[in-house]
Amino acid sequence: MSHTAGTRQAKKLRTRQALLDGALGLLEEQSLSSLGLREVTRAGGVTPTAFYRHFDDIAALGVALVEQTLGSLHGMIGAILAETGDSEVRLDRSVELIARHVREQPAHFRFIAREQHGGVGQVREAIAAQLRLFTEEVAAALAGEPESRGWSEEDLLMLGGLYVDHMVITASALLDAGPDGGRSVAEVARRRLRLVTLGRLHWLDATP
């Protein structure tokens, strides 16, 4: 890539990020469905016509925010699940990962919590798709463990869904708790995950 092309691409990425950041700031006080294009471009410091070089509409910008918020977690959670050894350590690291992300990106996670059941269909679907992908990734990782021997694919997906639902609930609880209550929320999250893990060990005991 030439220097000129590289500079142009870098500028394009900065403009796109400015729009995302501007929208995120506005979303601290309102929902995505009430967001106007002109206020987003004003907050991002770009012209309204520049918006359409990056997004088709406000819904598309919302989908990009979903991907930015949840997409970065995939590799990190996958790396933790791929670890071998003490499951307690993995549980602790999973909770620490969620807590750190919520602490570092509270506006992103408030956006997800609000829009998961919000009024913009494309964004609801994007969040649901990311969570389904998480569930499938967790189920695939759990399938390779000795404790999963004899489990059906359906049950593994159910177990993966439990872990993912717990991740979402924990993130929301951390947002509500604020900095002072985060430690208590994290401890409850760990205990709940341990309960799921113990139940997993005996899931097949009652299978006919």
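Presented here is a report on the structure given in the accompanying data block. Predicted, not measured: the structure shown is a model, and the values here were computed from it. (Residues numbered from 1 in each chain as written. Predicted model: local features only at pLDDT ≥ 70, side-chain atom pairs only at ≥ 80, totals over all residues. Heavy atoms only, no water.)

1. Some points on the overall build of the protein chain
- From N to C terminus, the protein chain includes eight helices and zero strands.
- N-terminal to C-terminal, the α/β element order of the protein chain is α-α-α-α-α-α-α-α.
- Long-range contacts, defined as pairs at least 24 residues apart, comprise 65% of the intrachain contacts of the protein chain with a sequence gap of at least 6.
- Just so you have it, the protein chain exposes about 11700 Å², and 54% of that area is on carbon and sulfur atoms.
- Counting 23 positive and 27 negative side-chain charges, the protein chain places the averaged centre of each group 9 Å from the other. (Helix = DSSP H or I, 4+ residues; strand = E, 2+ residues; numbered from the N terminus. Contact = heavy atoms within 4.5 Å. Areas by Shrake-Rupley, 256 points an atom, 1.4 Å probe, with all protein chains shown as cover. Lys, Arg positive; Asp, Glu negative; His and termini not counted. Charge placed at Lys NZ, Arg CZ, Asp CG, Glu CD.)

2. Comments concerning the pattern of salt bridges
- Evaluation of the coordinates by the stated rule reveals six salt bridges.
- Among the salt bridges present, the one from E145 reaches R200, with a minimum N-O distance of 2.8 Å. Taken together, the positions of E145 in the loop between α7 (121-143) and α8 (153-201) and R200 in helix α8 put the pair 55 residues apart, joining distant regions of the chain. R200 matches E145 in its accessibility class, with the two residues each being buried.
- Each of D92, E187, R190 and R194 takes part in salt bridges that share partners, so that together they form one network. (Salt bridge = Lys/Arg side-chain N within 4 Å of Asp/Glu carboxyl O. Buried < 20%, exposed > 50% of the residue type's maximum accessible area, 1.4 Å probe, protein only.)

3. Quick notes on the environment of R16
- Position of R16 relative to the elements: it lies in helix α1 (residues 3-26).
- With 25 residues separating them along the chain, R16 and T41 place their C-alpha atoms 10 Å apart.
- In this view, R16 contacts H54, F55 and A64; residues no more than four positions away in its chain are not counted.

4. Describing the packing of aromatic side chains
- Under the criterion given, the structure shown has three aromatic pairs.
- An angle of 80 degrees between the planes, with centres 5.5 Å apart, marks the rings of F51 and Y52 as edge-to-face.
- Accessibility expressed as a relative area gives 0% for F51, which makes it buried.
- For the ring pair W151 and W203, a centre distance of 6.2 Å and an interplane angle of 35 degrees mean the geometry is tilted. Taken as a pair, W151 in the loop between α7 and α8 and W203 in the segment after α8 lie far apart in primary sequence, 52 residues in all.
- Assessed through its relative accessible area of 39%, W203 is described here as partly exposed.
- By way of ring pairs, the aromatic residues F51, Y52 and F55 are connected into one cluster. (Phe/Tyr/Trp six-rings, centres within 6.5 Å; stacked < 30°, edge-to-face > 60°.)

5. A short note on the nonpolar core
- Counting 58 residues, the largest nonpolar core has V40 and L61 as the members making the most contacts within it.
- Taken together, the elements giving at least two residues each to this core come down to α1, α2 (37-44), α3 (48-51), α4 (58-82), α5 (87-104), α6 (106-115), α7 and α8.
- Excluding anything up to four places from it in sequence, L61 contacts L19, L20, A23, V40, F51 and F55. (Core = buried A, V, L, I, M, F, W, Y, C linked by side-chain atoms within 4.5 Å.)

6. Section: α8
- The end-to-end C-alpha distance of α8 is 16 Å, clearly below the 72 Å that 49 residues give at a rise of 1.5 Å each.
- A maximum bend of about 135 degrees is found in α8 at G178, where proline P179 lies one to four positions downstream. (Expected span 1.5 Å × (residues − 1). Bend = angle between axes of the 7 residues up to and from the residue.)

7. Quick look at the side chain of H74
- By the element assignment, H74 lies in helix α4.
- For H74, the side chain forms a polar contact with the side chain of Q130, separated by 2.7 Å.
- For H74, the residues in contact, after removing those within four places along its chain, are Q130, L133, F134 and E137. (Polar contact = N/O pair within 3.5 Å; in protein donor to acceptor, adjacent residues only side chain to side chain.)

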